[in-house]
Amino acid sequence: MRDAAPTTIYLKDYAPFGYLVDEISLTFDLAPNATRVHSRIAFRPNPDATDRTFFLHGEQLSLISARIDDQPVEPEVTEKGLTCKVPDGPFTWETEVEIDPSGNTALEGLYMSNGMYCTQCEAEGFRKITYYPDRPDVMGVFSVRINGDLPVLLSNGNPVDSGEGFAEWHDPWPKPAYLFALVAGDLVAHSDRFTTVSGRDVALNLYVRPGDEGKCAFGMEALKKSMKWDEDVYGREYDLDVFNIVAVDDFNMGAMENKGLNIFNSSAVLASPETSTDANFERIEAIIAHEYFHNWTGNRITCRDWFQLCLKEGLTVFRDAQFTADMRSAAVKRIEDVIDLRARQFPEDNGPLAHPVRPESFQEINNFYTATVYEKGAEVIGILKRLVGDRAYAEALDLYFARHDGQACTIEDWLAVFEEVTGRDLSQFKRWYSDAGTPRVSVQEDWDGSTYTLTLSQQTPPTPGQPDKPPRVIPVAVGLLGPNGDELRPTEMLELTEARQSFRFDGLPSKPVPSILREFSAPVILDRDSPTSERAFLLAHDTDPFNRWEAGRSLARDTVLAMAVDGAAPNASYLDGIHAVLRDDTLDPAYRALMAGLPGQSELAGTLHERGITPDPMAIYQACEDLRQALAETCRDMLPRLHADTRVDAPYAPDAEQSGKRALAGTALALITRLDGGELAAEEYAAADNMTLQLTALAALLHAGKGETQLSQFHDQWRDDRLVMDKWFGLQVSMAKPDRAAQVAQALTQHADFNWKNPNRFRAVMGALATNHAGFHHASGAAYALLADWLIRLDPVNPQTTARMFTAFQTWRRYDADRQALIAAQLDRIAATPDLSPDSTEMIARIRG
Ligand code: PHE
Ligand code: ZN
């Protein structure tokens, strides 16, 4: 049963809860269909609150009994929770409820995955476990007893006692309910230890299903590196005797930072060379770090309310990016992050779903775990760090941890520590949190023979509910290069605070070439019509690795768009420039591979739309194909050597060096396949002894219209490995030609292994369809209809995963009237589905605008 009218919640309405929780004890009697949860909670009036309404959240619970101070009471129960008359002073509240984990397909609250009990409580899942003030500013000390006939029984904190059929846990750190976790199942542990800087001996366990033991070693190493890094770089030490991670196959997101008991989507933790690609390894290392870092940025200091989500997520993404930059290559990581930002956040920020990094209202909080909150939230911290400098950043963080440990905080608390440390007024900076939309920065140059003047202008287009955008402070890192590539001026951080502002550089010997927005110093769109020759020059000479890549990227973008829109020929400066980069052995292979990539087709469509041109997905697709073909021809002579030189002879290691080589070899193989029709790729496939090589070769073959045999061989080899089978499903859809994508996806949904209730499998097919740009936007509308069919089907089963997939439609206004009509018809069809979840209802309403 669903509520009739979704309600909107506003940040401005925040009020503290009328009661504080001192302690909460939970007892679980596990049974798949009828788990009993007994809770005993010590409440007392909150001196900082005025409203004494005693309302506890609770959904999909059967209330068995309720007591106050050992006396039975009769609370008033609704679908959303209960209210009860309570004493004036402190009191003990007890309830017994029954829940149905095996019927819980939404994967929120307590649910089952392959016979294992598992919880997910962020953001509002705890209310499906018991009656409770399920809001992050209510923090309590949890004790948990689990009764169940399973070998492994886990909860948060430290183990207290265990025996035949039970285990007891106690978490000494007060926490909000969203960080509660319980796991019970037939699991095996991969164990290790870590000694913290002050000498605390911590038992580390990675729990997996029997059979997955061989996929744990990498995750464990990543955990130990993360623990050490957070001590070294942020001075943050771990604070319990155990740190447990559990891998689960059915999970809506990547992973969850429950205190002392992180729960991971198995795709975000299990790894082996045979089954995981280099990219998987890198992502796993980052997610392990991310969840571990939450222990301080999220758990010890949490959010006052869900509007403050970026307080923990933006900061923790920023921290995990720093970690990856330290473990691997900083330049490569920065480029990867910008690619991702442009692919996922820019469309959001420039479309109907645009919202501030700190939203001011929402209907369903699950819909705000977005690229804006996470990735732009991290960019905003990068801006702050650039503005105040590294020293002040470190001091401010020390103050933040010292002052707010144990508290539920706001962005205002966060900014206050920076203001205090620097004495700087951050009110203009705060617009990065309050104002949605991606600023456009345009550039005008003047040269008078010795003084060079850069005039920067900023403008942010309106976003839903925010018509006017005052100027914000934008750090623009600029360096000036001389005619032979020397740095005339090293990188300087210009602070653009006005709508239009000039910056002078005096005493220059010759007219410089500017390198603007180095390191991508702020998440903006740089509007700059510089001549091709200048970009070719920067591609060859820029001393900032990010901007050197960016120069190649913008050349690629412009040549491919000219091909798509005007039928132009491939630009020779681009081809020659990339040719030179590919053969330059002094450059990091990973970096060279990135330089050779093309912007995503959806991103290209977005660029055309910004320029007032309606994108034609097929024309963009064809232009990308033609440009790749031209690049292959240009590099024909050097490719075999490049491929041979990047071969890794050492035993497989997922480190930056080897994976960089494999990435470049993969680039070479893809180009060679355009010339030899797949001969080398077939050899490579047959010889592959790790998943990176196997999948790269298979992708090359599929692109060449070959690979049928290999595809079925792959299926036979990996049919029992869920994670690899996700790749098998996804690859076929992403490699499908535009006119076949919907058909290929449709056929795969009929495959016996298409378990659509598993989010990973659903996303493997539907996510790949949505990101096969020309396939998804094929003029027939078949892909729109197929995705809509499946969203309608998944919605009642798993609203959260369904709602997230609506982002596939967020760019619909970019396209021609026919496509818009086709998409609108599908959105209307979904919206008309009886009992559609509030999650999906909100997404459609926002996208329709
Ligand atoms: N808090 C998790 C993270 O960022 C993400 C998450 C949100 C997981 C909601 C599950 C549900 O690490
Ligand atoms: Zn997070």
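Predicted, not measured: the structure shown is a model, and the values here were computed from it. (Residues numbered from 1 in each chain as written. Chains lettered and ligands numbered in written order. Predicted model: local features only at pLDDT ≥ 70, side-chain atom pairs only at ≥ 80, totals over all residues.)

Participant: In this structure, what is going on with helix α13 (residues 601-610)? I would like to understand it.
Facilitator: An α-helix turns once per 3.6 residues; consequently, residues spaced three or four apart project the same way. Residues Gln601, Ser602, Leu604, Ala605, Gly606 and Thr607 constitute the buried set of α13. Contacts from the buried residues of α13 go to α4 (330-349), α10 (545-566), α14 (617-635) and α23 (773-776). Looking at the residues trailing α13, positive phi occurs at Gly612, about 85°. (Buried ≥ 20, exposed ≤ 12 C-beta atoms within 10 Å, placed from the backbone. Helix = DSSP H or I, 4+ residues; strand = E, 2+ residues; numbered from the N terminus. Contact = placed C-beta atoms within 7 Å.)

Participant: Would you mind showing me how to read the environment of Ile823 here?
Facilitator: Examined against the element boundaries, Ile823 turns out to sit in helix α26 (residues 817-831). Classification of Ile823 by C-beta neighbours within 10 Å gives buried; the count is 23. Ile823 has contacts with Tyr784, Phe809 and Trp812, leaving out every residue within four places of it along the chain.

Participant: Help me understand the sheet that holds strand β10 (residues 109-113), please; the structure alone is not making it clear to me.
Facilitator: Strand pairing in a sheet takes place through backbone hydrogen bonds and is either antiparallel or parallel in direction. On the basis of which strands lie adjacent, the open sheet formed by 4 strands has the order β10-β11-β16-β13 and antiparallel pairing. The open sheet has two free edges, formed respectively by β10 and β13 (152-155), since each of these has just one partner strand. Mean inter-strand twist for the sheet, computed between neighbouring axes without regard to direction, equals 15°. (Pairing = 2+ DSSP bridges. Axes fitted to C-alpha atoms, helices over the stretch in contact; angles between N-to-C directions.)

Participant: How should the UniProt feature "domain: Peptidase M1 alanyl aminopeptidase C-terminal" (unreviewed entry) in the protein be read in this particular structure?
Facilitator: Mapped onto this numbering, the UniProt entry gives "domain: Peptidase M1 alanyl aminopeptidase C-terminal" (unreviewed entry) at residues 533-847. With 72% helix and 0% strand, residues 533-847 has end C-alpha atoms that lie 41 Å from one another. (UniProt positions renumbered as here; feature names shortened; annotations may be inferred.)

Participant: What is the right way to read the sheet that holds strand β28 (residues 487-496) from this model?
Facilitator: Ordered by their spatial adjacency, 3 strands build an open sheet running β28-β27-β30, and the pairing between neighbours is antiparallel. Each end of this open sheet is capped by a strand with a single partner; those strands are β28 and β30 (513-516). Each adjacent strand pair in this sheet contributes to an overall mean axis angle of 25°, direction not counted. Bridge analysis of strand β27 (residues 474-481) against β28 gives 7 bridges, and the strand direction is antiparallel. Within β28, the position partnered with Leu481 by the bridge is Glu487.

Participant: Where do I start with the nonpolar core in this structure?
Facilitator: Considering soluble globular proteins, one finds that nonpolar side chains tend to be buried as a cluster. Residues Val183, Leu769 and Leu787 are the most contacted members of the largest nonpolar core, which totals 240 residues. For Leu769, the residues in contact, after removing those within four places along its chain, are Val733, Ala741, Ala745, Gly775, Phe776, Ala783, Leu786 and Leu787. (Core = buried A, V, L, I, M, F, W, Y, C linked by C-beta atoms within 7 Å.)

Participant: Sorry if this is basic, but what is going on with the pairing of strand β9 (residues 91-99) here?
Facilitator: Regular strands have side chains that alternate between both faces of the sheet. Two elements, strand β3 (residues 35-45) and β9, share 9 bridges in a ladder whose sense is antiparallel. Paired with Arg36 across the strands is Glu98, a residue of β9. Both strand β5 (residues 62-68) and β9 contribute to a ladder of 6 bridges, which runs antiparallel. Bridging across to β9, Ser65 finds its partner in Glu96.

Participant: Just checking my understanding: could you explain helix α27 (residues 838-848) for this structure?
Facilitator: Taken residue by residue, α27 has Asp839, Ser840, Thr841, Glu842, Met843, Ile844 and Ile847 as its buried positions. Looking one or two residues past α27, Gly849 carries a phi angle of roughly 75°, positive in sign.

Participant: Explain the site of ligand 1 here, please?
Facilitator: Taken together, Gln120, Glu122, Asn252, Met253, Ala255, Met256, Glu257, His290, Glu291, Glu313 and Tyr369 form the complete shell of residues around ligand 1. For the shell around ligand 1, the elements supplying multiple residues, two or more each, are β20 (255-256) and α2 (278-293). Considering only residue class, the shell around ligand 1 consists of 4 nonpolar, 3 polar and 4 charged. (Near = placed C-beta within 6 Å. Nonpolar A, V, L, I, M, F, W, Y, C, P; charged D, E, K, R; others polar.)

Participant: Mind showing me how you'd approach the packing of α4 against helix α12 (residues 589-596) here?
Facilitator: What describes two packed helices is the angle between their axes and the distance between those same axes. Relative to each other, α4 and α12 sit at 25°, their axes nearing to 9 Å. As judged from the angle between their axes, α4 and α12 are roughly parallel. Viewed along their axes, α4 and α12 form a crossing whose handedness is left-handed. Between α4, through Ala331, Val332 and Ile335, and α12, the contact on the second element is made entirely by Ala590, Tyr591 and Leu594. Residues belonging to the contact of α4 with α12 are distributed by class as follows: 6 nonpolar, no polar and no charged. (Parallel < 35°, antiparallel > 145°, perpendicular 65-115°, else oblique. Left-handed = near helix turned anticlockwise from the far one by under 90°.)

Participant: Sorry if this is basic, but what is going on with unusual backbone geometry here?
Facilitator: With the exception of glycine, most residues fall at negative phi, and the peptide bonds are largely trans. For the bond running from Glu122 to Ala123, omega is -5°, close enough to zero to count as cis. Tracing the chain through its elements places Ala123 in the loop between β11 (116-120) and β12 (140-147). Positive phi values are uncommon outside glycine, yet Asn114 reaches one of about 50°. Relative to the helices and strands, Asn114 is located in the loop between β10 and β11. The phi angle at Leu517 is positive, at roughly 65°, despite the residue not being glycine. Residue placement: Leu517 occurs in the loop between β30 and β31 (525-527).

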